[in-house]
Each structure stands twice: as C-alpha cells, then as structure tokens.
Amino acid sequence: MDASLNKNVNYSTKKKKKSLGETIKADYKQNKFVILMALPVVIWYIVFHYAPLYGITIAFKNYSPMKGIMGSSWVGIKFFKEFFNSYYAWRVIRNTFVINIYQLVCGFPAPIILAVLLNEIKNNRFKKTVQTLTYLPHFISLVVICGMLVDFSSKDGLFNTVLATFGWNPTNLLLKPEYFRGLYVGSGIWQGIGWGSIIYLAALSGIDTEQYEAATIDGANRWKQFVNVTLPGIAPTIVILLIMQIGRLMSEGADKIILLYNANTYETADIISSFVYRKGLVDSNFSYSTAVGLFNSVVNMTLLITANKISRKVNETSLW
Amino acid sequence: MVIHRSFGDKIFDSFNYVFLTLLMVITLYPFLYVVFASFSSAEMLATTRGILYKPLGFSLEAYKSVFDNPMILIGYKNTAFYVIVGTFYNIIMTSLGAFVLSRKNFYWKKYIMAMVIFTMFFGGGLIPSFLLVKGLGMYNTVWALIIPGAISTFNLIIMKTAFEAIPLSLEESAKIDGANDILILFKIILPLSMPTIAVMVLYYGVGHWNAWFGALIYLRNKELYPLQLVLREILISNSMNDMLQNSDTDKMFLGETIKHATIIVATLPILMIYPFLQKYFVKGVMIGALKG
C-alpha cells in the first residue's frame, strides 16, 4: 500500500520533470500510427514547399542547367540590379499595382452591392434564380472565359458589332493597350460577382430581424434601416475581406494575364508574375526570373503578414 | 408583418428588380450567344453582325469538326485521369494531414502546424518549383500535375477544423476496442465528415478540371494535354491548323463556329452537373469563411 502510493507520487513528479527525450519517447509510444500518418504529409511539404526555398539561391547565382544549382557560381545581387535598372521593373510593378487597384475599387464593392440588393428582394424564387445564374460563371474555366473574351473582342466580334451601332469604330480590343485592364478586371467582376456575394449574404442573414422591427417601430425608412442596421451588420465581414484583399495587393497570378495578353499590350498588361513566367520559362533566363520572383515573394509576404496582424486586431475589437 | 410600402420603396423595388434582371441577362447572354453561334451556318455568321437572338440558319458542321479533332477526345480522356486520380490523391493526403493536425495530444503537432502555415506566406516561386519538378524526373509526365499539388493548405485547415468538431468520445471507445489511429481515421472520422469531404472533392475536382497552367509549363507531349490546354490552343493560340488542314474559304468561315462549338462541348459537363452541386459549393464557402 505504502509502496504503491510512493510509486504514484514518484510517477507524477517524474511526469512533471520529464526530459525532452522522454517526452518524445512517450509520445512515440502513444502516437506511433499518428507519426506514421504524418510522414507522407511532412515529406510532401518538405519536398514541394521547402526544397524550392533552396532553389531560390539561384537568384544570387549565374545558374546554368549544366552545372546545377550547387555548381553555378555566385554573382551576388547582379540580377536584382539588372531588373531594377531595366525599363521593365517600373512597368511590371506599376501594372501589377494598377490592376490590383482597379480590382479593389471596382471589383471589391461589386459583390457587396449585389448582396445588399438581393437581400432587399422579398420574392424568394426570383432571388434564387438570380443567385443560381450569377454563381454560374465562377465554375466556367478560365480558358473558356478568356476564349469567349478573345472571340467577343475581335474586330467583328460581339463587343465591336454592338458598339458599332453607336458609331464606334471596330477594332480588335485585345490588341489595344488602353482597353486591356478594363477587359481584364471587367471580365473578372462578371465572373466573380455572384460567387463573391455569398459570404455577404451569409453575414446579412445573420442580422437579427428584431433589429429591423425595432427600427421600423422607431420610424426608420428603408434607407435609414440600411444605414443603421444592415451596414453595421456586414461591416466586420467587409473590413476583414478588405484587409485580406489589400494583403494580396501585389500578388496577381499570371494565368489569366498569359491567356489574354500579347506583345502589343505588354505596356499595360505585363505584370510581375507574367514577366517572371516569360523571362524564366520562355526565355530560359532562370536566375533573372528567380530574382524578380523573390522580390515579389518578399513584398507579398510583408503585405500578408501586415494584413493578418491588422485583421486579427480588428477582429478582436469588432467582435465585442 | 404589415407591409406598408411608401412611394420611395416602390421606386426602389422596381429599380432593384430591373437591375437584377439586367444582371442575369448580362451573365447569361454570352453563353447563349456562343450556343446560337455554334449552331449557325458559318457563312451566315461571317456576314452578320451584332446580337444573335437565335442560330442563323442551322448547321451541325462545327460540331462534326470538333468531334473529328482527335485532340478534343485526348484532352477529355487526360482530364478524366487528372480529375479522378488527382482528386483521390488530394483527399488521401489532405485527410492524413488534417487527422494528424487534429490530434489533441501529439507532441509534433505544433511544429507540423507551423511548418504548414509558413508555406501560406512564403514560397520558392515559379522557377525553383519548376527546377524541382524537373529534378525529380516528373517533367513531361502526368505526375507533374498530380503530386506537386497534393495538398492545398487552405483545404487542409478547413478539413482539420471539421475533424476537430467530432466528439472525442467516439474515437475513445474505438480505441478501447483496440482500433489504431489509421482505423480511426478511415472507420470513424472520415464517415462522420462526409459533408466536408464532399465539398473537398468538389473543390479539388473542379480545380483539376479547370487547371491548365501546370500543364503548360510541365508538359511537352501533346498526348498528355488536359482538355483546358487543348482548348487554349484552339480558342486562344488560334491553332486551328489541325482542324483546317485543307483550308479553303468554306472551311475558313467554319473556323469561328468551330470555336463556339468547342466551347459548348468543353463546358457542357460542368453546366449539366452545376445545378445539382451548387448547394455543396455554397456550403464550402461557408465552411471556409468560419476559418478564414
């Protein structure tokens, strides 16, 4: 009896003072199968997310495929200098920024407006129809959307022939740098407005109906209800999504750009990621391209971390 | 509730209905136009300008040309492979990861979590990833489109959250019966998370269906091209050569209608399943929003 009690005490003090090695051993005994299951995932992350980090060193080397990453000679920041001294640096940074600003100013409010308007519709059948139809383009592949856009923008395509009835002079819109951003951002809004509204509709449905009833009793008309009940109800969602979008301010993907741009429109269309793609995989200028990509990654990381910090703060204070 | 609508309310409501109807027209009409154009006679379409309200004439020539193009069939076959095998691999890897990260007393959990979260903020970028895939010998093989994209960290976290919501008591009783963790995942956790798994299958599946960029950079062999890359060549790179080998003027006209028919043939599967799957997708947004 005494001995067993002693043992117990011993055990519990031991548990508190367990060394790292013992903790790991005990964990191994208990979680053998969990470790086994973690292995493929951890290995996958190391190979496909961490091994490329080593590949970044070629941004500071004169990489040649014959010599490999290891064997290529160091050149310091030569490629960064080359990029920032080139005519392209300003062009691609400006284009990335401007396209994102267009998306922020026009693309961000669009789904909010749609959600608010849908929320005012009392006829459920009509509401459902609008939702089903506007969600649809989200599922159509980018290649098909861009294929349609290329077709409609051609000289005798839909856009031109419709505009021609208003006295417009038909021209291939995708060959003109001045229309590229409008077409790019506009088609993005067309494709994403419905899908983007879902999250705001959810926030709207979370607003207590009693608040509206109280406002009605107080004599608030619909506009006043919108300003005093609806808007505050979805404000936290808006703020969080806005901060996250600002976090992505310099990280537009290359895929849609590559589908739509051409040498005629590089002036307004070429962004950092499409430039990285072209320099690296079309011109096989691996080191230069990696340097530009690294610059972009660092900017994106900084923006994202800042956005995350701000959103955490806003989240905390706006919840209560 | 008594509905008392003021004059201003009525004006607003009418405007709202008109606006949303207009939005539906703008959303739907481009697709209708493509449908009409694809059934139109090529010569009539070439000489007619502006909005179409119905097919101009009626011709199935374009569809015949589409199905005569072997690349469309090859693309469909390859895409089927990428969607089925790729999604299966995605689900296996993501649920393994989510299971590991949802364990409550696993020493390595916080380290693995940190390792995973870091990748959301910083990555190697295009060229280092490309060189890696090439170095692993996956270049110009189907695996380049399946293995490097095994896990989407965002989906992993959604699934982890779903797994964490399952009551611990359920697996504890299984453990007492002698089940190991692998059995617990496949016999208890996964069957209980079917709604989330369904959403994940749809997200990954649609991702594979729509993907083309990976194929563009990793594949040289056209026999391996997914449908979307084939479409890019036909619709965007204007490589009508295959279809228009004997390019007399009659066939030249056909070029435009072939594009329209190609769009329809390539989009039909999505359009057909969309009405049935819509609610799952919407649910997916909500699951993601809870965490995001």
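Since the model is a prediction, treat every value here as computed from it, not as a measurement. For every chain, the first residue of its written sequence is number 1, and the numbers climb from 1 along that sequence. Working convention: letters from A go to chains and numbers from 1 go to ligands, in the order in which they are written. A pLDDT threshold of at least 70 governs which residues receive local features in this predicted model, and a stricter bar of 80 or more applies before side-chain atom pairs are shown or counted, although totals over entire chains, interfaces and linings include all residues.

Chemist: Where do I start with the overall build of chain B in this structure?
Modeler: Where helices and strands are cited, they refer to DSSP runs of H or I of at least four residues and of E of at least two residues respectively, numbered from the N terminus. The helix and strand inventory of chain B stands at 13 helices and zero strands. Ordered by position in the sequence, the α and β elements of chain B form the string α-α-α-α-α-α-α-α-α-α-α-α-α. Two things to know: the radius of gyration comes from C-alpha atoms, and the globule rule equals 2.2 Å times the number of residues to the power 0.38. In terms of overall size, chain B is more extended than a compact globule, its C-alpha atoms giving a radius of gyration of 25 Å where 292 residues would be expected to give roughly 19 Å. If you line up chain B on its principal axes, its C-alpha atoms span 75 × 70 × 35 Å. Counts of 20 or more other C-beta atoms within 10 Å of a residue's own C-beta define buried residues, counts of 12 or fewer define exposed ones, and intermediate counts define partly exposed ones; C-beta atoms are placed from the backbone. The buried share among the 292 residues of chain B stands at 36%. Residues are scored as being in contact if the C-beta atoms we place from backbone atoms lie within 7 Å. Sequence-distant contacts, at least 24 apart, represent 72% of the contacts inside chain B between residues at least 6 apart.

Chemist: How should the overall build of chain A be read in this particular structure?
Modeler: A count of helical and extended segments in chain A gives 16 helices and zero strands. The C-alpha radius of gyration computed for chain A amounts to 28 Å, which surpasses the reference 20 Å derived for 320 residues by more than 25%, pointing to a less compact arrangement than a globule. Projected onto its principal axes, the C-alpha coordinates of chain A cover approximately 100 × 75 × 30 Å. Out of the 320 residues in chain A, the part that is buried amounts to 34%. A separation threshold of at least 6 residues defines the contact pool for chain A, and within that pool the share at least 24 residues apart is 66%.

Chemist: For this particular structure, what's the right way to read the interface of chain A and chain B?
Modeler: How big an interface is tends to be stated in terms of the accessible area lost upon association of its parts. Contacts between the two partners involve 67 residues from chain A, matched on the other side by 69 residues from chain B. It is helix α2 (residues 20–55) of chain A that provides the largest number of residues to the side of chain A that touches chain B, a total of 19 residues. Taken together, the residues of the side of chain A that touches chain B break down into 45 nonpolar, 16 polar and six charged. Residues are sorted three ways: Asp, Glu, Lys and Arg are charged, Ala, Val, Leu, Ile, Met, Phe, Trp, Tyr, Cys and Pro are nonpolar, and all the rest, Gly among them, are polar.

Chemist: Please explain helix α6 (residues 126–135) of chain B as it appears in this structure.
Modeler: Each turn of an α-helix holds 3.6 residues, which means side chains three or four residues apart point in the same direction. All names here are of chain B. α6 sits mainly inside the fold: eight of its ten residues count as buried. Taken residue by residue, α6 has Leu126, Ile127, Pro128, Ser129, Phe130, Leu131, Leu132 and Val133 as its buried positions. Remark: Gly137 follows α6 within two positions and exhibits a positive phi of approximately 75°.

Chemist: How do you make sense of the domain arrangement of chain A when you look at a structure like this?
Modeler: Segmentation of chain A into domains returns domain 1 (19–52) and domain 2 (78–319). The C-alpha centroid of domain 2 of chain A is placed 39 Å from the C-alpha centroid of domain 1 of chain A. Those domain boundaries reflect an automatic or database domain assignment.

Chemist: Teacher, can you tell me more about the confidence of the model for chain B here?
Modeler: Parts of the prediction with low pLDDT should not have their coordinates interpreted in detail. Residue and element names in this part refer to chain B. The pLDDT value tells you how sure the predictor is about a given residue, anywhere from 0 up to 100. Here chain B shows a mean pLDDT of 87. Residues at 70 or above account for 90%. The model gives residues 239–251 a pLDDT under 50, and that stretch makes 13 contacts with residues more than four places away or in other chains. As scored by the predictor, the complex reaches a pTM of 0.89 and an ipTM of 0.89.

Chemist: Sorry if this is basic, but what is going on with the domain arrangement of chain B here?
Modeler: Residue and element names in this part refer to chain B. The domain architecture assigned to chain B consists of domain 1 (1–59) and domain 2 (69–292). The straight-line distance from the C-alpha centre of domain 1 to that of domain 2 is 33 Å. With nine residues of domain 1 at the contact, the number on the domain 2 side is eight residues. Listing elements by their share of the side of domain 1 that touches domain 2, those giving two or more residues are α1 (7–39) and α2 (42–47). Its residues assigned to classes, the side of domain 1 that touches domain 2 comprises six nonpolar, two polar and one charged.

Chemist: Mind showing me how you'd approach unusual backbone geometry here?
Modeler: The phi torsion of most residues other than glycine is negative, and most of the peptide bonds are trans. Despite not being glycine, Ser284 of chain A has its phi angle at roughly 55°, a positive value. For Ser284 of chain A, the position within the fold is in the loop between α15 (272–282) and α16 (286–319). Of the residues examined, Ser284 of chain A has 11 C-beta atoms within 10 Å and is grouped as exposed. Residue Asn140 of chain B is not a glycine yet carries a positive backbone phi of 60°. Counting through the fold element by element, Asn140 of chain B comes out in the loop between α6 and α7 (153–164).

Chemist: Help me out: how do you make sense of the confidence of the model for chain A in this one?
Modeler: Overall, the prediction assigns chain A a mean pLDDT of 89, with 93% of residues at 70 or greater. In this model, residues 1–14 of chain A is a region of pLDDT below 50 whose contacts with residues beyond four sequence positions or in other chains number zero contacts.

Chemist: How do you make sense of the packing of α2 of chain A against helix α5 (residues 109–121) of chain B when you look at a structure like this?
Modeler: A pair of packed helices is captured by two measures, namely the crossing angle of their axes and the spacing between those axes. Between N-to-C directions, angles span 0 to 180 degrees; the directions come from axes that are lines fitted to C-alpha atoms, helices contributing only their stretch in contact. Following both chains from N to C, one finds α2 of chain A and α5 of chain B inclined at 35°, their axes separated by 11 Å at the closest point. Judged by the sense of rotation from one axis to the other, the crossing of α2 of chain A with α5 of chain B is left-handed. Taking contact as the criterion, the partners of Ala38, Val42, Tyr45 and His49 of chain A in α2 of chain A are, on α5 of chain B, Ile112, Met115, Val116 and Thr119 of chain B. Partitioning the contact of α2 of chain A with α5 of chain B into residue classes produces six nonpolar, two polar and no charged. Helix crossings fall into two classes, left-handed where the near helix is turned counterclockwise from the far one by less than a right angle and right-handed where it is turned clockwise.

Chemist: I keep staring at the environment of Ala115 of chain A and nothing clicks. Help me out?
Modeler: All names here are of chain A. Along the chain, Ala115 falls in helix α6 (residues 109–120). Measuring from C-alpha to C-alpha, the distance between Ala115 and Ile193 comes to 9.3 Å, with 78 residues separating the pair along the chain. Excluding residues within four positions of it along the chain, Ala115 makes contact with Ser197, Tyr200, Leu201 and Leu204.

Chemist: Honestly, the environment of Pro275 of chain B in this entry has me stumped. Any pointers?
Modeler: Residue and element names in this part refer to chain B. Positionally, Pro275 belongs in helix α13 (residues 249–291). When the 10 C-beta atoms within 10 Å are taken as the criterion, Pro275 is described as exposed. Here the alpha-carbon distance between Pro275 and Lys104, two residues 171 residues apart in the chain, equals 39 Å.

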